[in-house]
Amino acid sequence: MSSSNFYRGRRLRSSRSIRDLVRETDLLPRNLVQPFFVLESRDTKESRPIASMPGQSQLAPAALEEEVARAVDLGLQNVILFGIPAHKDKEASQAYSKDGIIQQAVQRLKKRFPALVVITDVCLCEYMDHGHCGIIQGNRVQNDPSLGLLARTALSHAQAGADMVAPSDMMDGRVQAIRDLLDKNRFQELPIMSYAVKYASAYYGPFREAAQSAPSFGDRKTYQMDPGNAREALREAEADIVQGADMLMVKPAMPYLDIISALRHSFDLPVAAYQVSGEYSQIKAAARLGWLDEKSVALESLTAVKRAGAEIILTYFAREILGWMAGHE
């Protein structure tokens, strides 16, 4: 057979320089969002390591500020904050308190790092005494009565100085409720990154420990999506677009690459994906056992997420990846 009669793909893989030249997908610092867990504590420098998420900690405000400072020095541009309040009740009152832990953290970070994009998770589960994402009546999460609390929470984050709010609760209509209240209070320019497609996933396990948000009864399958459904993802995303979402998120990331791709090809809004705690922790655990190379697998997995269509990736590996990019092993 003549050499001209078949495709020689190896020509473009013959050296690292050529491979870099033709590479189609690159991870960039601007693509990465680092989640942080903000702890309400009398000791503002307190840091509590999260056993199920090696390398991550619950951080009181002063400790958070210093951790973010180190990450910013490496090139971190974006963060998302999750609150862990000292007090929980049936109305999630600390979620929308002017002096709540997230409100304090936002003000602190924006004062020291004005160029840092500070995103806030908008949900009620960490603040409810039952751990569900809305008001409970008769052991059932009530959709419409919860919308006002979610909107108040988003507004309080905006008033504290957040650059973006990200509702994660999966209540129907919450994007509209948040958009309406923000607009009425002159926050028309504040974007909403909706957790539009959030599956009822077993991969959230370590997060429940980290955010102290496990439900005290039942599960979240009546409001989070069935992992077997793909067409429903498009319906959920379209509904949030109509209600005023500016970005769409898929959560988790790696098990749902097909969904990320579907959103990318179906809609024009920016697409985000959340590499969740279980995805992170399984790589960490395998690496500790010597079964995988942590750096290589982390980079490969996140490259796959971006290749599928996510321009924005929330990942607990963000700080480490920035360190690797800077040459720190």
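See the structure above.
If you're wondering where the values come from, they're calculated on a predicted model, not measured in any experiment. (Residues numbered from 1 in each chain as written. Predicted model: local features only at pLDDT ≥ 70, side-chain atom pairs only at ≥ 80, totals over all residues. Heavy atoms only, no water.)

Things to note about helix α7 (residues 231-243)
The end-to-end C-alpha distance of α7 is 19 Å, a good match for the 18 Å that 13 residues give at a rise of 1.5 Å each. Along α7, the residues classified as buried are E232, A233, E236, A237, D240 and Q243. For α7, the buried positions fall inside an angular range of 135 degrees around the axis, keeping them on one side. Turned more than 90 degrees off the buried face of α7, the exposed positions are R231, R235 and V242. Close packing links the buried residues of α7 with α5 (174-184), β9 (193-198), β10 (247-251) and α8 (257-266). Looking one or two residues past α7, G244 carries a phi angle of roughly 120 degrees, positive in sign. (Helix = DSSP H or I, 4+ residues; strand = E, 2+ residues; numbered from the N terminus. Expected span 1.5 Å × (residues − 1). Buried < 20%, exposed > 50% of the residue type's maximum accessible area, 1.4 Å probe, protein only. Arc of directions from axis to C-beta. Contact = heavy atoms within 4.5 Å.)

A short note on the pairing of strand β11 (residues 271-275)
Most of β11 sits out of view: five of its five residues are buried. As defined by bridge partners, β10 adjoins β11 across three bridges and the pair is classed as parallel. Note that in β11 the partner of V250 across the bridge is A273. In terms of handedness, the path from β10 via α8 over to β11 forms a crossover that is right-handed. Bridging between β11 and strand β12 (residues 312-315) involves four bridges; their strand directions are parallel. From the neighbouring strand, A273 faces β12, where its bridge partner is I313. (Pairing = 2+ DSSP bridges. Right-handed = clockwise from strand over helix to strand, strands pointing away.)

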